[in-house]
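Now for the letters of each chain:
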Amino acid sequence: MKIDILSLFPEMFAGPLHQSIVGKALEKELLQVDITNYRDFTESRQHHVDDYPYGGGAGMLLQAQPIFAALDQVQQNSGDLGRVILLDPAGRQFNQAVATELAKEQHLTFICGHYEGYDERIRTQVTDEISLGDYVLTGGELGAMVIIDATVRLLPGVLGNTASAGDDSFSTGLLEYPQYTRPAVYRGLKVPDVLLSGNHQKIAQWRAYESLKRTYQRRPDLLAGLKLTAQQQAWLRIIKQQSGI
Ligand code: 21W
């Protein structure tokens, strides 16, 4: 996968992209990332990339010119832009389904804003407008990093065999079951007996039950979108009884 990032703050990407799983993907050349600074494309004498909004109002807007020119260069260097993703608080909210969709692409181009927003005309150049969620960030860079992180770990060969992306919660639709590692007792806190039993069928059953219970207690909204098996429906009745409903 090729990823192009357009940003006024290229330095922000150095840490997250070179560590851990994304860093490994870069090393293995499963991923190539290029960062372009709009500032290098301004035609303004003072190297400005932002200006006041027509009609008045607080804050500054990223101008169309430096972004269009930066996109032209990426287009020339790479032959295409692939999916062009504008990070924007008014975009559709990012989730695992969007990550799965993006992981199928060969080329992604991220446009990160800073300041109070973009000249509206930039939207004519994008295929997607994505938000991280309902809170205010200082810019799109952290959003792009989150999306890149979630997407790159889905690429074939990026995760080792120990971790499989298909087992993730949000892929199964349920939250994950509780997990424990050694020792079996720590400060009086015990690992559930079933996990030490060696009975793999019982363990799988316990995990499925705990996963359902945790989802019911913490994210009932996730359950609403699932078609539960007869076993899960029976368990849910027990879980509800035990929680006093
Ligand atoms: C913050 C941009 C506030 C715009 C019209 C009139 C990218 C982001 C961002 C930012 C405003 C994402 C206005 C979740 C985010 C981002 C910077 C509002 C005021 N508009 N996902 N007045 N949250 N944020 N502009 O903030 O660029 S993805």
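Up top is the structure these notes are about.
Treat the numbers as computed from the prediction; the structure is a model and nothing was measured.

K.L.:
What's the story with the packing of helix α7 (residues 200-218) against helix α9 (residues 230-242) in this structure? I'm lost.
P.N.:
Helix-helix packing is characterised by the crossing angle of the two axes and by the distance between the axes. Remark: α7 packs on α9, axes separated minimally by 10 Å, with the N-to-C direction vectors making an angle of 55°. In terms of axis orientation, α7 runs oblique to α9. The chirality of how α7 crosses α9 is right-handed. Taken together, the residues of α9 that come into contact with α7 (itself represented by Gln 205, Ala 208, Tyr 209, Leu 212, Lys 213 and Tyr 216) are Gln 232, Trp 235, Leu 236, Ile 238, Ile 239, Lys 240 and Gln 242. Classifying every residue of the contact of α7 with α9 by side-chain character gives 8 nonpolar, 3 polar and 2 charged.

K.L.:
When you look at the layout of surface pockets in this model, what are you seeing that I'm missing?
P.N.:
Left-over empty space is what a probe sized like a water molecule reveals as it rolls over the atoms. By volume, the largest pocket amounts to about 360 Å³. Forming the walls of the largest pocket are 20 residues, and the residues nearest its centre are Asp 88, Pro 89, Leu 137, Gly 139 and Gly 140. Where the lining of the largest pocket is concerned, the elements lending two or more residues are β5 (83-93) and β7 (128-131). Element by element, the count of residues in the lining of the largest pocket is highest for β5, at 3 residues.

K.L.:
Can you help me understand the site of the ligand in this one?
P.N.:
Near the ligand there are 15 residues, and of these Glu 116, Leu 132, Gly 133, Tyr 135 and Leu 137 occur at the shortest range. Contacts to the ligand include Leu 132, whose backbone N or O atom sits 2.9 Å from a nitrogen atom. Here Leu 137 contributes a backbone N or O atom positioned 2.8 Å from an oxygen atom of the ligand. Alone, the ligand offers 600 Å² of accessible surface; in the complex the protein occludes 68% of this. Mapping the ligand onto the cavity grids shows that it belongs to the largest pocket. Of the residues forming the shell around the ligand, the biggest block, 3 residues, is contributed by β5. Along the lines of polarity and charge, the residues of the shell around the ligand split into 8 nonpolar, 5 polar and 2 charged.

K.L.:
Mind showing me how you'd approach the pattern of salt bridges here?
P.N.:
Side chains carrying opposite charge are able to pair once their charged atoms draw close together. Within the structure shown, the criterion is met by 13 salt bridges. When the shortest N-O distance is used, the salt bridge between Arg 83 and Glu 105 registers 2.8 Å. With Arg 83 in strand β5 and Glu 105 in the loop between α4 (96-102) and β6 (107-111), the pair connects residues that are 22 residues apart, well separated along the chain. Judged by relative accessible area, Glu 105 falls into the partly exposed class, the value being 27%. A salt bridge links Arg 123 to Asp 88, with the shortest nitrogen-to-oxygen separation between them at 3.3 Å. Placement of Arg 123 in the loop between β6 and β7 and of Asp 88 in strand β5 is noted, with a sequence separation of 35 residues between them. Overall, the relative accessible area of 23% leaves Arg 123 in the partly exposed class. Judged by its relative accessible area of 8%, Asp 88 falls in the buried class. One continuous salt-bridge network, built from bridges that share partners, spans Arg 83, Arg 92, Glu 101, Glu 105 and Asp 128.

Calculation criteria
Residues numbered from 1 in each chain as written. Predicted model: local features only at pLDDT ≥ 70, side-chain atom pairs only at ≥ 80, totals over all residues. Heavy atoms only, no water. Axes fitted to C-alpha atoms, helices over the stretch in contact; angles between N-to-C directions. Helix = DSSP H or I, 4+ residues; strand = E, 2+ residues; numbered from the N terminus. Parallel < 35°, antiparallel > 145°, perpendicular 65-115°, else oblique. Left-handed = near helix turned anticlockwise from the far one by under 90°. Contact = heavy atoms within 4.5 Å. Nonpolar A, V, L, I, M, F, W, Y, C, P; charged D, E, K, R; others polar. 1 Å grid on protein atoms, 1.4 Å probe; cavity = no way out; pocket = protein on both sides within 12 Å on 5 of 7 lines; lining within 4 Å. Points joined across faces, edges and corners; volume = space filled by probe spheres on them. Near = heavy atom within 4 Å. Polar contact = N/O pair within 3.5 Å; in protein donor to acceptor, adjacent residues only side chain to side chain. Areas by Shrake-Rupley, 256 points an atom, 1.4 Å probe, with all protein chains shown as cover. Sits in = over half its atoms within 2 Å of the grid points. Salt bridge = Lys/Arg side-chain N within 4 Å of Asp/Glu carboxyl O. Buried < 20%, exposed > 50% of the residue type's maximum accessible area, 1.4 Å probe, protein only.

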